[in-house]
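Report on the structure
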Amino acid sequence: MSEDLDRNFARVVKLAEIAGLPEVTIGTSYGTPALLVKDKGFVRMKDRDTLVVMCALEEKEMLLELDPQLYFETDHYKGWPAMLVRLSVIDDKSLTGRLVAAWRQKAPKRLAAKLAG
């Protein structure tokens, strides 16, 4: 299980690096590996195949409805600006988009303005 967690988190880290997200650090959140921007977590591993991703509530509702095989939530996350992503299902392009959106959600506005697009 630990190897799967490490491999999946390494994928998340690699995609964040490729996306060029500024001032990202690796840390932990609730005892699991996480990516932070300015000490604020924007994604974290929930378990070996599930990533917790910060997102706007409106976007979350749309994505949960659009692709419930990929995006889901448990009762714990209802009403919270975060959703769960199945890493075994999401492709790299979609995961990169989720990482960028989550980063923008937590990054200070001045820093977010530095990221093109």
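This one's a predicted model, so the numbers in the text were calculated from it and none came from an experiment.

1. Details of unusual backbone geometry
- In this structure, tyrosine 30 is a non-glycine residue whose phi angle is positive, near 50°.
- Along the polypeptide, tyrosine 30 turns up in the loop between strand S1 (24-29) and strand S2 (32-37).
- Residue tyrosine 30 is classed as exposed on the basis of its relative accessible area, which comes to 75%.
- Positive phi values are uncommon outside glycine, yet aspartate 39 reaches one of about 65°.
- Mapped onto the elements, aspartate 39 comes out in the loop between S2 and strand S3 (40-47).
- Exposure remark for aspartate 39: the relative accessible area of 71% places this residue in the exposed category.

2. Overview of the nonpolar core
- Residues Val12, Val43, Leu51, Leu99 and Trp103 are the most contacted members of the largest nonpolar core, which totals 38 residues.
- If one sorts the elements of this core by residue count, helix H1 (residues 2-18) sits on top with six residues.
- When residues no more than four places from it in sequence are discounted, the contact partners of valine 43 are Val12, Ala34, Leu35, Leu51, Val52, Val53, Leu99 and Ala102.

So, how was this worked out
Residues numbered from 1 in each chain as written. Predicted model: local features only at pLDDT ≥ 70, side-chain atom pairs only at ≥ 80, totals over all residues. Heavy atoms only, no water. Helix = DSSP H or I, 4+ residues; strand = E, 2+ residues; numbered from the N terminus. Buried < 20%, exposed > 50% of the residue type's maximum accessible area, 1.4 Å probe, protein only. Core = buried A, V, L, I, M, F, W, Y, C linked by side-chain atoms within 4.5 Å. Contact = heavy atoms within 4.5 Å.

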